[in-house]
Amino acid sequence: MSGDKRHGNSRNAMRIGMVFLSFVILLIAAAVWNLRSGSVSIPVRDIVRILSGNGDPESTAYSVIRKIRLPRIVLSAVLGGALSLSGFLIQTFFRNPIAGPFVLGISSGAKMFLAVTTIAVSGLFVDMPVSATVAASFVGSILSLLIVILFTGRVRNMSSLLVIGMMISYICSAVTDLLINFANDSDIINLTHWSMGSFSAASWQSARISAFIVIPAFFTVLAFSKQMEAYSLGEGYAMSLGVDIKGLRVLLVLLTGVLSASVAAFAGPISFVGIAVPHICRMILKSEKPILMIPASFLCGSVFCMLCDLAARMLFSPTELSISTVTSAVGAPIVIWLMLTRRNRNGR
Amino acid sequence: MADKLKTDASRISTESLAVGYGGEPLIRDIALSAEKGEIITLIGPNGSGKTTILRTIARQLAPLFGTVFIEGRNMKALSGREIAREMAVVLTERIRPDLMTCYEFVSAGRYPYTGRFGLLTDRDREEVERALKLVNAYEISDRYVSEISDGQYQRILIARAVCQEPDIIVLDEPTSFLDIKHKKELLEILSSMAKQKGVAVLMSLHEIDLAERISDRIVCVKGDRIAAYGAPDEIFAGSTISDLYGIDPGSYDSLLGKLELSAPKGNIRCFVIGGNGTGIPFYRELQKKNYAFAAGILMPNDIDVSVASSLAARVVCTEPFMPATDGQREEAERLIDISEVVVIAGCPKGEYNAVNSVLEQYAISKGKTVVRSLSGLREVL
């Protein structure tokens, strides 16, 4: 009997190992595909040479790879992972499978704050500096998230909290629209561009800053996976195990805010990745254990965003689509499909 | 001094504890203690605050006043991990994760023993497997928690608490959702944990009959105080139970632990000559049809009396182990006189109940409708 159990465990461990291995292989494949594809197609042989430092620094291929495609790949991988991870966090927090980082009005809050800031500082700068955009959307996301959390204590029913999040989202949109009436055209273009979402503004600087925020956040989340697992079994139960629920809540909120705010800041509110990818991971892993889900969501989110960015660049080349166009078109059907299969399983 | 010593020896105890929500005390002056191997059960009407007390002891609600002691130490001074190693909690919070196997679910109970990332050691796995086997759930280890029945889920919850290796286990209505077989099984598991491992069990139960059988001490929760606290024989003597639940005295038979419905109202229209359990199906049938009746002549220790005393308008009884007196026979005859139907339940006659043969003849001679079977009774009602 006990031998059977061990066998089952090791088989499971092997499957999980295979899942992670395939994620890594897919990540590399997506990176290579992204590097070689574009308005200038570059053979893999040249890519290897350029990356290993043997290329001709004066050639077009060299600067396309090193200055344009590579930072963009890094940025989409980091932010895709961040978005998916923050989706997983918010789903854990609300115990709601369809919650996403932007469903609760986080992106609308970011947009509103960005609009306020853009208009307020438009006299000072010709172009909004990256740091100001990051700061504005970060503060906006945290503010709207805090408002949602404020209601968390008051409502016991989590679905009404979701409705509150949507309403906050509408209020923020209304304020944003109001502000747009008084804004310069150039500011509006900036805002519209932001809200469509794109990795096209990628640079080594933005890739570095986002990695600097996202990677520590990732490891912090990982360090609290045990507490999150206990939390997912019920707040009362987690408390009885000695989990500091209040502290954990604040931490979850902060990390979600940091992760989704950096996405909003560097690439705009990319839709559906945060909802769909954690689901895909659950189905593939056949587990909800945070210790597995955290790295899996991150990796899967990276791959997903890299492939979607590739599609955004290539599908109607030379016209570049916004990233949300692709993620929604791919993500929404996946969510529907997952919901249907989920229902079947629970329906018994 | 003696009191202090007692507190130190207790696995868990409370001192002038007040519990409630939002600063409003619901119940005050709670002083309970569970020694090693003791089972303490909270009973009381719905909404009386049993769960509130348990949640406070389980540290999910802050006490409004007073102290909870675990192994003689103030709970406030203990870390969450220390408490979790001493006390396991099974409350009514019912969250079933979608994609978690029973094995994974139960292994959450190892939380206070595992490291930063919650990885299980061989010893942890042994405990999880032992707990699963204890509740007869080893076969469903690999099934998802979302796919098992309520009864299986309840057992998984117990297994999760068991593998926490607690000295104290706190449970809120652990038998709800279970059928009779599983109720019995569950209480036997708790009982053996208490007796063999010395675990102190503190729980609330809806089934007062089960509470009486399993508990070492019973706590009656009603109003803003503990209404009664003591050994089951003390609690179930007299009218404590009827007072607690606000039901008619006599509806609850504490000796047999069964609840009877109320007696039909109105004039007596039937007399049942029973005894030795033969009358019981007739009493129940008459109650269901709301047909007021009398029963007799029974000895007070007859099993019939336990039901008849709740359901019959009048029961004619002899003195213990004595034949009927003339007075008792005459009273029975008067009751037959006013009845339309007389049931002869068919109890064998002996030395003590020979009088019932006389009553049967009396009923026939008076031309009463005499019924000898349940189907016969249903026809005439």
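Since this is a predicted model, take the numbers as computed values, not measurements.

J.: How would you explain the overall build of chain B if you had to name every residue and give the values?
T.: Each helix and strand in chain B was counted, giving 15 helices and 18 strands. On C-alpha atoms alone, chain B measures out to a radius of gyration of 27 Å, which is more than a quarter above the 21 Å that the 2.2 N^0.38 rule sets for 381 residues. Principal axes of the C-alpha set define a box for chain B whose edges measure 90 × 50 × 40 Å. Residues classed as buried in chain B amount to 55% of the 381 residues present. A sequence separation of at least 24 residues applies to 67% of the contacts in chain B between residues at least 6 apart. Of the roughly 16700 Å² of accessible surface on chain B, 52% is carried by carbon and sulfur atoms.

J.: Which residues make up the overall build of chain A, and what values do they have?
T.: Tallying secondary structure elements over chain A gives 14 helices and zero strands in all. Ordering the α and β elements of chain A from the N terminus gives α-α-α-α-α-α-α-α-α-α-α-α-α-α. Along the first, second and third principal axes, the C-alpha atoms of chain A reach 65 × 55 × 35 Å. The buried share among the 348 residues of chain A stands at 52%. Look at the contacts in chain A between residues 6 or more apart in sequence, and 76% of them connect residues 24 or more apart.

J.: Could you give me a rundown of the sheet that holds strand β9 (residues 200-204) of chain B, with the residues and numbers involved?
T.: Residues and elements named next belong to chain B. With mixed pairing, the six strands of this open sheet are ordered in space as β7-β8-β9-β4-β10-β11. Where the open sheet ends on each side, the last strands, each with one partner, are β7 (87-90) and β11 (225-230). Direction aside, neighbouring strands of the sheet carry axes that sit 15° apart on average. Across five bridges, the pairing between strand β8 (residues 168-172) and β9 is parallel.

J.: Could you give an account of the sheet that holds strand β18 (residues 369-371) of chain B, naming the residues involved and the relevant values?
T.: Note on sheets: strands pair through backbone hydrogen bonds, and any given pair is parallel or antiparallel. All names here are of chain B. The five strands lie next to each other as β16-β15-β14-β17-β18, forming an open sheet whose pairing is parallel. The open sheet terminates on both sides in strands that have one partner only, identified here as β16 (314-317) and β18. Ignoring which end each strand starts from, the neighbouring axes of this sheet average 20° apart. Each of β15 (293-298) and β16 touches helix α12 (residues 303-311); the most contacted strand, β15, lies at about 150° to it. Where helix α13 (residues 326-338) meets the sheet, it contacts β14 (270-273), β15, β16 and β17 (341-344), and its direction lies at approximately 150° from that of β16.

J.: How would you sum up the pattern of salt bridges? Please name residues and give values.
T.: A complete count under the given rule lists 29 salt bridges over all chains for this structure. In this structure, Arg49(A) engages Asp46(A) in a salt bridge whose closest nitrogen and oxygen atoms are separated by 3.4 Å. You can see Arg49(A) and its partner Asp46(A) sitting in helix α2 (residues 44-51), three residues apart, about one turn around the helix. The closest approach of N and O atoms between Arg130(B) and Glu127(B), which form a salt bridge, is 3.1 Å. Of this pair, Arg130(B) and Glu127(B) both sit in helix α5 (residues 122-134), three residues apart, which is roughly one turn of that helix. Connected through shared salt-bridge partners, Arg110(B), Arg123(B), Asp124(B), Glu127(B), Arg130(B) and Glu165(B) make up one network.

J.: Could you give me a rundown of the state of the cysteines, with the residues and numbers involved?
T.: All names here are of chain B. Enumeration over the complete set of coordinates arrives at zero disulfides over all chains. Not engaged in a disulfide, the cysteine Cys102 finds its nearest cysteine sulfur in Cys163; these two sulfurs lie 13 Å apart. The buried category is assigned to Cys102, whose relative accessible area is 0%. In this structure Cys163 comes out as buried when scored by relative accessible area, which is 0%.

J.: Got a sec to walk through the interface of chain A and chain B? Specific residues and values, please.
T.: Listed as interface residues are 34 residues of chain A and, on the opposing side, 36 residues of chain B. The tally of links between chain A and chain B comes to zero salt bridges. At the junction of chain A and chain B, the tally comes to nine residue pairs in polar contact (both at pLDDT 80 or more). When residues of the side of chain A that touches chain B are assigned to their parent elements, the largest contribution, six residues, is made by helix α9 (residues 225-232) of chain A.

J.: Before we move on, can you summarise the nonpolar core with the specific residues and values?
T.: All names here are of chain B. Among the nonpolar cores identified, the biggest contains 128 residues, and Ile156 and Met203 are the most heavily contacted of them. Once residues within four sequence positions are removed from consideration, Ile156 is found in contact with Cys102, Phe105, Val106, Leu132, Ala137, Ile140 and Ile148. With 28 residues, the next largest nonpolar core counts Leu32, Ile53, Met75 and Val221 among its residues.

J.: Before we move on, can you summarise unusual backbone geometry with the specific residues and values?
T.: Residue and element names in this part refer to chain B. Put simply, Gly296 and Ile297 share a cis peptide bond, and its omega is -20°. With a phi close to 50°, Asp29 is a non-glycine residue in the positive phi region. Summarising the element assignment, Asp29 is placed in strand β2 (residues 24-30).

J.: I'd like to hear about a nonpolar patch on the surface, residue by residue, with values.
T.: All names here are of chain A. A cluster of nonpolar side chains, namely Val24, Ile28, Val32, Val44 and Val48, defines an oily patch on the protein surface of about 380 Å² accessible area. Looking at the nonpolar patch, the elements that each hand over two or more residues are α1 (2-36) and α2. Here Val48 shows up in helix α2. Judged by its relative accessible area of 52%, Val48 falls in the exposed class.

J.: Kindly report on the confidence of the model for chain B, identifying the contributing residues and their values.
T.: In this model, chain B carries a mean pLDDT of 87, and residues with pLDDT of at least 70 account for 96%. Segment residues 1-7 of chain B: pLDDT under 50, and six contacts once partners within four positions in sequence are set aside and those in other chains are kept.

J.: Explain the confidence of the model for chain A to me, using residue names and the numbers behind them.
T.: Residue and element names in this part refer to chain A. Residues at a pLDDT of 70 or more form 91% of chain A, whose mean pLDDT is 83. Element-level mean pLDDT values for chain A span from 75 in helix α14 (residues 323-347) up to 94 in helix α13 (residues 290-314). Below a pLDDT of 50 lies the segment residues 1-7, which in the model reaches eight contacts outside its immediate sequence neighbourhood of four places, other chains included. Long-range and interchain partners of residues 344-348, a stretch whose pLDDT sits below 50, account for ten contacts in this model, where long-range means more than four residues apart.

J.: Could you give me a rundown of the packing of aromatic side chains, with the residues and numbers involved?
T.: Residues and elements named next belong to chain B. Throughout the structure, instances matching the rule amount to six aromatic pairs over all chains. Geometrically, the ring pair formed by Phe105 and Tyr153 is tilted, given 5.8 Å between the ring centres and 50° between the ring planes. Here Phe105 is found in helix α4 (residues 102-107), whereas its partner Tyr153 is found in helix α6 (residues 150-162), with 48 residues between them in sequence. Residues Phe105 and Tyr153 agree in their burial class; the two are buried.

J.: Let's hear about the environment of Ser365(B): which residues, and what values?
T.: Among the secondary structure elements, Ser365(B) is positioned in helix α14 (residues 355-365). The sequence separation of Ser365(B) and Ile168(B) amounts to 197 residues, and the corresponding C-alpha distance is 68 Å.

Criteria and cut-off values
- Residues numbered from 1 in each chain as written.
- Chains lettered and ligands numbered in written order.
- Predicted model: local features only at pLDDT ≥ 70, side-chain atom pairs only at ≥ 80, totals over all residues.
- Heavy atoms only, no water.
- Helix = DSSP H or I, 4+ residues; strand = E, 2+ residues; numbered from the N terminus.
- Rg over C-alpha atoms; globule rule 2.2 N^0.38 Å.
- Buried < 20%, exposed > 50% of the residue type's maximum accessible area, 1.4 Å probe, protein only.
- Contact = heavy atoms within 4.5 Å.
- Areas by Shrake-Rupley, 256 points an atom, 1.4 Å probe, with all protein chains shown as cover.
- Pairing = 2+ DSSP bridges.
- Axes fitted to C-alpha atoms, helices over the stretch in contact; angles between N-to-C directions.
- Salt bridge = Lys/Arg side-chain N within 4 Å of Asp/Glu carboxyl O.
- Disulfide = S-S within 2.5 Å.
- Polar contact = N/O pair within 3.5 Å; in protein donor to acceptor, adjacent residues only side chain to side chain.
- Core = buried A, V, L, I, M, F, W, Y, C linked by side-chain atoms within 4.5 Å.
- Patch = residues over 30% accessible without salt bridge, like charges linked within 9 Å, V, L, I, M, F, W, Y side chains within 5 Å.
- pLDDT = per-residue confidence, 0-100.
- Phe/Tyr/Trp six-rings, centres within 6.5 Å; stacked < 30°, edge-to-face > 60°.

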